[in-house]
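Read off the chains here:
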Amino acid sequence: FAPSKHGCFRTSTSINSSEKSEADTTTVTIQSNPFLPLLSEGLRRTSIATNKATSDQVFASSPSLQRLRQQVKQLTKVAPSSLGEHAGDGLFATKNIKAGTIVGLYPAHALGYELVAPPTDDSDEMQDLSMFIAGSNEDELYFQANPHGNSPYLHATDQPLFQRQSLLSSLFDESKDEMTPPLYLDVNPNRNNELDGIWTSHYINDGASLLNTKVDGDSIEQYYVQSTKAKNCCHIPFGPSPILATITTKKVKKGEELFTSYGVVYWLGSVEDPDEADVAVMTEKLQEQIVESARDLQKAMESASTGYTNESSDLDQAFNNL
Ligand SMILES: C[S@@+](CC[C@H](N)C(=O)[O-])C[C@H]1O[C@@H](n2cnc3c(N)ncnc32)[C@H](O)[C@@H]1O
């Protein structure tokens, strides 16, 4: 439910890749990939919605979206994190904020999915058909240098728990038990200055981490207790895929930093290998955490669906019209 640092994204290309020569076999494969037009179209629309210069096309299209944009912009500011220099920037409340308030949207400069297919006649190995594409050549260069598998901003944007149509849903028939693969987004922080003021969710830190910690059952427990205590918001699906919003899960006082819980899996990529003896305890703690996070997410989604019904459906409509 939190960003995963362990995604396995084999193919990365820009949506402009069709300009490449036909001799480029990677390009030929990608062009015939039915996922590509859906991801490209999702990125094109998201790029219009997130960019300062063009976001009016979405937010000026309905009074409720205009109001939401005005409110969200006034609620927070980006500043150095209260956790210390090592944590970079964070997002802070500039007013007292009630529980159940949307405080930001999550930008997307790349989209992708994870998909593994059974072995073919020619090979015994599972085929990794995962793919990730960037919205522009500039983003592609950034993601080549900063692969998704290790990105601080990578986030799942469609998964079964979200219960919304994914950008990729049209390719799968769920009545035949075909599962739409999970969709992920990623952010190019070099483009932060181009973002309209409402797209700030990627600045939100975790109130605790497993950095510089020996990972075992105790440290996971400790991380979990601290992170849950500090958590005052969570990222939820909002309007059309791939858009995520951040909603407060408790009151936040003026001046406080917004914190969400990334979950243990996010931090595991950055720590030493655990002892084998600890693995069983860790698995149990992880499972408890996943269940609890799912409950929190469900509650936050319910609160948004009653508090922001018009905004969510207007965003759907505005996005479809782009
Ligand atoms: C989604 S970004 C959050 C915004 C980020 N701080 C920035 O300046 O862009 C996640 C990254 O923030 C940092 N971070 C978040 N929570 C942290 C914590 N509790 N301790 C240390 N670093 C943290 C880590 O570098 C992490 O990979």
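These numbers were taken from a predicted model, which means no experiment stands behind them.

Peer 1: Got a minute to help me understand the overall build of the chain in this structure?
Peer 2: Per the secondary structure count, the chain includes nine helices and 14 strands. The 322 residues of the chain split such that 43% are buried. For the chain, the share of sequence-separated contacts (at least 6 apart) that also reach a separation of at least 24 residues comes to 75%.

Peer 1: What am I meant to see in the site of the ligand here?
Peer 2: Of all residues adjacent to the ligand, which total 17 residues, the nearest are Ala87, Gly88, Asp89, Pro152 and Asn205. Elements supplying a minimum of two residues to the shell around the ligand: β3 (89-93) and β11 (205-206). Class assignment of the residues belonging to the shell around the ligand gives a composition of eight nonpolar, seven polar and two charged.

Peer 1: Explain the UniProt feature "domain: SET" (unreviewed entry) in the chain to me, please; I cannot follow it from the model alone.
Peer 2: Per the UniProt record, the feature "domain: SET" (unreviewed entry) sits at residues 74-263. This span, residues 74-263, is 13% helix and 26% strand, and a straight line between its end C-alpha atoms measures 29 Å.

Peer 1: In this structure, what is going on with the environment of Leu315? I would like to understand it.
Peer 2: In this structure, Leu315 sits in helix α9 (residues 309-320). Residue classification places Leu315 among the buried positions, given that 25 C-beta atoms sit within 10 Å. Considered as a pair, Leu315 and Ile290 are 25 residues apart in the sequence and their alpha carbons are 29 Å apart. Discounting residues that sit within four places of it in the chain, Leu315 has contacts with Leu65, Phe238, Gly239, Pro240 and Ile243.

Peer 1: Whenever I open this one, the sheet that holds strand β13 (residues 244-248) confuses me. Can you help?
Peer 2: Sheet strands associate in pairs through backbone hydrogen bonding, adopting either a parallel or an antiparallel arrangement. Read from one edge of the open sheet, three strands run β4-β13-β12, paired in antiparallel fashion. The open sheet is flanked by β4 (102-106) and β12 (233-237), the only strands paired with a single partner. Across the sheet, the mean angle from the axis of one strand to that of its neighbour is 30 degrees, orientation sign disregarded. Note: β12 against β13, five bridges, orientation antiparallel. Of the residues in β13, the one forming a bridge with Ile236 is Ala245.

Peer 1: Would you mind going over the nonpolar core with me for this structure?
Peer 2: What tends to happen in soluble globular proteins is that the nonpolar side chains get buried as a cluster. Judged by nonpolar contacts, the single largest core of 60 residues is most densely connected at Ile236, Ala245 and Leu258. At five residues, the largest contribution of residues to this core is made by helix α2 (residues 35-50). If sequence neighbours within four positions are ignored, Leu258 has contacts with Thr76, Leu91, Phe92, Ala93, Val103, Ile204, Asn232, Cys233 and Val252. With 10 residues, the next largest nonpolar core counts Leu210, Val215, Tyr224 and Tyr266 among its residues.

Peer 1: I would appreciate a short explanation of unusual backbone geometry in the present structure.
Peer 2: In this structure, Pro242 follows Ser241 across a cis peptide bond, with omega equal to 15 degrees. Turning to its location among the elements, Pro242 is positioned in the loop between β12 and β13. At Asn212, a position not held by glycine, the phi torsion is positive, near 55 degrees. Among the secondary structure elements, Asn212 is positioned in the loop between β11 and α6 (217-230). Asn212 gets classed as exposed once you count the C-beta atoms within 10 Å, which come to 9.

Peer 1: What am I meant to see in α6 here?
Peer 2: A turn of α-helix holds 3.6 residues, and therefore any two residues three or four places apart point the same way. Taking 1.5 Å of rise per residue, 14 residues should cover 20 Å, and α6 covers 20 Å from first to last C-alpha, within 8% of that figure. Every buried residue belonging to α6 is among Ile220, Tyr223, Tyr224 and Ser227, and all of these are buried. Taken around the axis of α6, the buried residues stretch over an arc of 95 degrees, which confines them to a single face. In α6, those exposed residues whose orientation departs by more than 90 degrees from the buried face are Val225 and Lys229.

Peer 1: Just to check I follow, could you spell out the environment of Asn146 for this structure?
Peer 2: Topologically, Asn146 is positioned in the loop between α5 (137-145) and β9 (155-158). The partly exposed category is assigned to Asn146, around which 16 C-beta atoms lie within 10 Å.

Peer 1: How should I be thinking about the packing of helix α4 (residues 63-75) against α9 in this particular structure?
Peer 2: Each pair of packed helices can be described by the angle between their axes along with the distance between the axes. Where α4 contacts α9, the two axes come as close as 8 Å, and the packing angle between them is 110 degrees. One way to sum up the angle between α4 and α9 is to call them roughly perpendicular. Contacts between α4 and α9 pair Ser64, Leu65 and Leu68 from the former with Asn310, Glu311, Asp314, Leu315 and Ala318 from the latter. A per-class count over the contact of α4 with α9 returns four nonpolar, two polar and two charged.

Peer 1: So what exactly am I meant to see when it comes to the pairing of β12 here?
Peer 2: A regular strand places its side chains on the two faces of the sheet in alternate fashion. Counting buried residues in β12 gives five out of five residues, a clear majority hidden from the surface. Residue alternation in β12 divides its side chains into two sets, Cys233, His235 and Pro237 and Cys234 and Ile236, and both sets are buried. Here β12 hands over to β13 after six residues, with Gly239 in that stretch at a positive phi of 65 degrees.

Peer 1: Sorry if this is basic, but what is going on with the pairing of strand β8 (residues 131-134) here?
Peer 2: A two-sided burial pattern is seen for β8, the buried positions comprising Met131 and Ile133 on one face and Phe132 and Ala134 on the other. With four bridges connecting them, strand β5 (residues 110-113) and β8 associate as antiparallel partners. Each residue of the ladder has a partner; that of Leu111, found in β8, is Ile133.

Peer 1: In this structure, what is going on with α5? I would like to understand it.
Peer 2: Looking at α5, one finds that the buried residues are Asp139, Glu140, Tyr142 and Phe143. For α5, the angular spread of buried residues about the axis comes to 160 degrees, placing them on one side. Turned more than 90 degrees off the buried face of α5, the exposed positions are Gln144 and Ala145.

Basis of the calculations
- Residues numbered from 1 in each chain as written.
- Predicted model: local features only at pLDDT ≥ 70, side-chain atom pairs only at ≥ 80, totals over all residues.
- Helix = DSSP H or I, 4+ residues; strand = E, 2+ residues; numbered from the N terminus.
- Buried ≥ 20, exposed ≤ 12 C-beta atoms within 10 Å, placed from the backbone.
- Contact = placed C-beta atoms within 7 Å.
- Near = placed C-beta within 6 Å.
- Nonpolar A, V, L, I, M, F, W, Y, C, P; charged D, E, K, R; others polar.
- UniProt positions renumbered as here; feature names shortened; annotations may be inferred.
- Pairing = 2+ DSSP bridges.
- Axes fitted to C-alpha atoms, helices over the stretch in contact; angles between N-to-C directions.
- Core = buried A, V, L, I, M, F, W, Y, C linked by C-beta atoms within 7 Å.
- Expected span 1.5 Å × (residues − 1).
- Arc of directions from axis to C-beta.
- Parallel < 35°, antiparallel > 145°, perpendicular 65-115°, else oblique.

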